[in-house]
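# An overview of the molecular structure
Next come the chains, spelled out residue by residue.
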Amino acid sequence: MPENREKQWHSLGVEEVIGNLQTDTQTGLRDGEVQKRQTEYGKNQLTEAPGRSILSMIYDQVSGPLTLVLLIAGLISGLVGEFEDTVVILAIVVLNAVLGVFQENKAEQSLSALRKLSAPAARVVRGGQTKDLPASELVPGDVILLEAGASVPADARLVEAANLKCEEAALTGESVPVDKTTERIDDEQAGIGDRENMVFASTTVTYGRGTAIVVATGMGTEIGKIAGMLQSTQQEPTPLQRRMEELGKLLGWFALALVVLVFIAGLLRKEPPFEMFMTSIGLAVAAIPEGLPTIVTIVLALGVQRMIKRNAIIRKLPAVETLGTATVIASDKTGTLTQNQMTVARAFVNGESVDVSGQGYEPKGEFTIGGETPSHELDHALSLLLTAGALANDAKLEKSETGYNMVGDPTEGALVVAAEKAGLIARELNKEWKRVAELPFDSQRKRMTTFHQVPGKHHFAEVLNGDIVAFTKGGPDVLLELCTHHYRDEKIVPLSDSDKESLLQVNLSMAEEALRVLGVAFRSWDSVPAQDQLTPESAETDLVFIGFAGMIDPPRPEAREAVREAKTAGIRPMMVTGDHKATAMAIAKDLGIMETGDVVISGAELESIADEELAEKIKHTAVFARVSPEHKVRIVEALRSNRQIVAMTGDGVNDAPALKRADIGAAMGITGTDVAKQAADMVLLDDNFATIVTAVKEGRTIYANIQRAIQYLLSCNVGEIVAIFAAIMLGLGRPLTAIQILWVNLVTDGLPALALGVEPPEPGVMDRPPRDPKAGVFSGGLGVLIGLQGAMIGVLTLIGYYWALTSGRSVEVARTVAFGVLAFSQLVHSFNVRTRNRPLLKVGFFGNTWLNHAFLASGLLQLAVLSIPAVEPIFDVVPLGWTEAEVIALLATVPLLLGELTKWLFRRS
């Protein structure tokens, strides 16, 4: 049995591969040998780790500190007879658990998506016969046949390759199909993108044909290794989840201490023990904002709905808030920052460089020199270049309802589009210039030649001087060696060595700008060459050089502004790509990602850098080029070791582990693979990098709104605690009963807190740096503010209670007044929470319609409790007169007046 594990197959010669795998390229494996190898290696399919049970997911959802506190509060409420509160609390817990399990169950579908990428069938040579078999039956040593359009069923070493090209963008990030060869590669550590004699599972053959020997199947393939990485990658809690856990623990201990403290204080003041027990329990329940988890969930869900309208689908609710803390966006290049559509950006003809405008495959654009229209001579040469490029070409441009699509090689497609921008329609050219022979593209000679009949009355007929013309396109350096003349000023003139050197310098200059350069030439023939002359050695000589076409996968038009906005917001954009270093650098500089002092690190260089050194170097790195999936995870880890909150964007299979490991993974919705989408927290429907920046703004707004809800709920709860505790300590008795506390806590607080969760974004939300990811919920002075505002509400409630008692009114009337002041002062206070510094007159009282509705609804509910005789006994209230109502109204407006005064003093300081 052969041993194929851990071998660097690309560094072995064909005969060595055959010998190691004990196979035969002509007859393949025999059935008996296949069965033995299937027993050893298993099926050629991806395996999944055992999934978590629903019960396990539910346990995780209900075992958090805040949830446990809510469950205890519900149990206590039931024990003291408040069954309605128990039902409400349990409903909240169940709702949160259901939502959490649903989100987690979707997130664990990543490996199922990976399995969909496996090719369903393969053409195999076995026992001397060619068979079509399920890809799952392949074993190492099988001989597979590949042709254009086929999916590669396993990792394999090529033994034959005829013009073979493979699309590997999903695995390597390479933006154009890769030319394949059978030659061994000496570098054993060559990255996946540089293993040109290998083909990989789940990639696609776009051109030519080939024969290969399977060297790895199932989990042993490169995509299988990614599957294994996904299984072993642990998802850490988000900043919001960590903060809510901290808050839950804090409130739990606080509630416990409060029960003991208030109960003992009441006993010391000779209050009835049972009533004090009920009051302390009610106050403990009131201290815990049991509606907070639901409010947070609803605020996040509403944010999700808003983001869908902005072309972003959130798969995990906490991811919305996490975006607001992002300090780094590590983005793939191809299809994310760029359009993934090769485009001719520059042409060089007649000694001049011509700029070509337009984006993508849409045939709209202009040809200019310094903004001016080319001269007649230049236009003539440019027309010949574009005609030749469109004819020596097998790509086709198709228009559909959704736009323009390219069928064939993207590089050839770019030439077709460029020609059509000049009004030279490829299908019409092919009818006019009938193709009569061809020498197909070959990766060894790096060129392609097609022979055409010259139209009799065409304006090029005189220059071409023959009935047949051969157009050749290929690598500039190779092509120039075959040229003896060049086309200048509508004439054919000799091409000297100095001319060639000058043209090579032009080629180098274009390449340094990350342009993929092709040279174009022609040769006239009196007739179609005879069969013995129809060879590269005979036909591709004595050529006339026309010019160069420089192509690039252009940046998205909106990406540049998105990068600028991200930097303004204190977020560092970083490019992480499988593409070549020069191309990545040029795009990064163009977009503003790379600036003076920034460096580029390649995948090969990354291999030799230790984790500690990488953590230091990454502080000044703008671009990682030619990276593998393992590299991307290391990059995320290095960033996180520097306490960065990392948003990773990507679309390929190779991005999935890093997307899952990052704090927030964002997959592309159009070009993204299912693997990337399922591993990510967010999917961008428009594949637009700018959508990430919009999502960051939404995330910041959502967190600010969650803080508003926390501020409102806790300041109200502190007010209740201050009022009751102070009254007891002052010997004034209990100003509120347990049911009154729970009513205010569960009903009056809830709607305004929820409405504050949809407060519109404040101006300048993207003009400040991200929050410190380690900062707690009460950072930035929020804890102090909650304490002061709570004390204000508590003191106002106590004033109303004390006034009623000292003016000769009964305890029942005093408690009713306190109940009214507490509820209405909290409702008025909700408007204070909308903004910390800006005056309400500037923000606008009606800027948050939901809060106005919540204020009205909660206010009417409170009035109903205070004024409807049938419900008065339930809430321990008694009828009030106009004087008591005026006192309640006066005291309830104080929070707004004090709030505005405080903001004014703050702005003056």
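Whatever comes next refers back to the structure up there.
Below: a short report on this structure. (Residues numbered from 1 in each chain as written. Predicted model: local features only at pLDDT ≥ 70, side-chain atom pairs only at ≥ 80, totals over all residues. Heavy atoms only, no water.)

## Let's talk about the overall build of the protein chain
Which entries qualify depends on this criterion: We count a stretch as a helix when DSSP gives it H or I for four or more residues in a row; a strand needs E for two or more, and each element gets its number in order from the N terminus. Buried means the residue's accessible area, taken with a 1.4 Å probe over protein chains only, is under 20% of the maximum for its type, while exposed means over 50%, and partly exposed covers the values in between. Contact definition: two residues touch when any of their heavy atoms are within 4.5 Å. Residue burial considers only the protein chains on display, and all accessible areas are found by Shrake-Rupley using a 1.4 Å probe.
Looking only at helices and strands, one finds 34 helices and 27 strands in the protein chain. Within the protein chain, buried positions represent 55% of all 909 residues. In the protein chain, once contacts between residues fewer than 6 apart in sequence are set aside, the share between residues at least 24 apart is 72%. Taken as a whole, the protein chain presents about 37,700 Å² of accessible surface, with 56% of it coming from carbon and sulfur.

## Details of the packing of aromatic side chains
Which entries qualify depends on this criterion: Only the six-membered ring of Trp is used, alongside the rings of Phe and Tyr, when aromatic pairs are assigned; centres must lie within 6.5 Å, and planes under 30 degrees apart are stacked while those over 60 apart are edge-to-face, with the rest tilted. Comment: the charge-over-ring label is applied if NZ (Lys) or CZ (Arg) is within 6 Å of the ring centre and within 35 degrees of the ring normal.
Enumeration according to the criterion identifies five aromatic pairs in this entry. Pairing F831 with F855 gives two aromatic rings, centres 5.5 Å apart and planes at 65°, and the pair type is edge-to-face. With F831 in helix 31 (residues 811-832) and F855 in helix 33 (residues 849-867), the pair connects residues that are 24 residues apart, well separated along the chain. A relative accessible area of 9% places F831 in the buried class. Overall, the relative accessible area of 29% leaves F855 in the partly exposed class. Through a chain of ring-to-ring contacts, three or more aromatic side chains come together here, namely F348, F545 and F548. Its guanidinium or amino end placed over the ring of W525, R523 lies 4.0 Å from that ring's centre, counting from NZ or CZ.

## Points about the sheet that holds strand 23 (residues 599-602)
Quick note on the threshold: Two strands are counted as paired when DSSP detects at least two bridges linking them. Lines are fitted to the C-alpha atoms to define the axes, a helix being fitted only along its stretch in contact, and any angle between axes, read from their N-to-C directions, falls within 0 to 180 degrees.
Spatially, eight strands are ordered 8-27-26-25-9-22-24-23 in an open sheet, and the strand pairing comes out mixed. Each end of this open sheet is capped by a strand with a single partner; those strands are strand 8 (312-314) and strand 23. Each strand axis lies, on average, 20° off the axis of its neighbour in the sheet, ignoring direction. Examined bridge by bridge, strand 9 (residues 328-331) and strand 22 (residues 572-576) share four bridges and lie parallel to one another. Counterpart to S331 in the pairing with strand 22 is M575. The strands that helix 21 (residues 581-591) touches are strand 22, strand 23 and strand 24 (621-625); relative to strand 24, the one it contacts most, it runs at about 145°.

## Regarding the nonpolar core
A general trend in soluble globular proteins is that nonpolar side chains are found buried together. Rules: Side-chain atoms within 4.5 Å are what join buried Ala, Val, Leu, Ile, Met, Phe, Trp, Tyr and Cys residues into a set we call a nonpolar core.
Core analysis: the largest hydrophobic core is formed by 122 residues, its most contacted members being F548 and M682. It is helix 27 (residues 689-729) that contributes the most residues to this core, 18 residues altogether. With sequence-adjacent residues up to four places away left out, M682 is seen in contact with M307, A312, I313, I314, R315, L323, G665, A666, A667, I692 and A695. Residues L384, L386, A414 and A419 belong to the second largest nonpolar core, which totals 39 residues.

## Description of helix 27
Here is the rule: Helices are assigned an expected span. That span is 1.5 Å times one less than the residue count.
For helix 27, spanning 41 residues, the distance from its first C-alpha to its last is 59 Å, which sits close to the expected 60 Å at 1.5 Å a residue. When you tally the buried positions in helix 27, you get 33 out of 41 residues, the bulk of the element. G731 sits one or two residues past helix 27 and shows a positive phi near 75°.

## Here's the deal with the environment of D542
As for its position among the elements, D542 is in the loop between helix 19 (536-539) and strand 21 (543-552). Considering only alpha carbons, one finds D542 and E481, 61 residues apart in sequence, at a separation of 9.5 Å. Not counting the four nearest positions on each side in its chain, D542 is found in contact with L482, T484 and R523.

## Quick notes on the pattern of salt bridges
Convention followed: Salt bridges are defined as contacts in which a side-chain nitrogen from Lys or Arg sits within 4 Å of a carboxyl oxygen from Asp or Glu.
In this structure the tally under the stated criterion is 31 salt bridges. The salt bridge partner of E412 is K473, with a shortest N-O separation of 2.8 Å. Of this pair, E412 sits in helix 14 (residues 410-421) while K473 is found in strand 17 (residues 468-474), placing the two residues 61 residues apart along the sequence. Owing to a relative accessible area of 7%, K473 belongs among the buried residues under this scheme. E762 is paired through a salt bridge with R708; the nearest N and O atoms lie 3.0 Å apart.

## Thoughts on the packing of helix 27 against helix 30 (residues 782-806)
For the record, the criterion: Put simply, angles under 35 degrees are roughly parallel, angles over 145 are roughly antiparallel, angles from 65 to 115 are roughly perpendicular, and the rest are oblique. For any helix crossing, the convention is left-handed if the near helix is rotated counterclockwise from the far helix by under a right angle, and right-handed if that rotation is clockwise.
Between helix 27 and helix 30, the shortest axis-to-axis distance is 7 Å and the interhelical angle comes to 45°. When the interaxial angle is binned, helix 27 and helix 30 end up oblique. Note on packing geometry: the crossing formed by helix 27 with helix 30 is right-handed.

## Things to note about the pairing of strand 18 (residues 483-488)
Where strand 18 and strand 21 come together, three bridges link them in parallel fashion. Counterpart to H485 in the pairing with strand 21 is V544. One ladder, built from four bridges, connects strand 18 with strand 19 (residues 491-494); its direction is antiparallel. Paired with Y487 across the bridge in strand 19 is I492. Hairpin connection from strand 18 to strand 19: two residues lie between these consecutive antiparallel strands, with D489 at a positive phi of about 50°.

## Brief notes about the environment of K491
With respect to the helices, strands and loops of the structure, K491 is situated in strand 19. Distance in space between the C-alpha atoms of K491 and L464 is 9.9 Å, their sequence separation being 27 residues.

## Some remarks on unusual backbone geometry
You will see that Q22, though not glycine, has its phi angle at about 50°, which is positive. Exposure remark for Q22: the relative accessible area of 47% places this residue in the partly exposed category. Here the phi dihedral of E490 falls at roughly 65°; this positive angle occurs in a residue that is not glycine. Relative to the helices and strands, E490 resides in the loop between strand 18 and strand 19.

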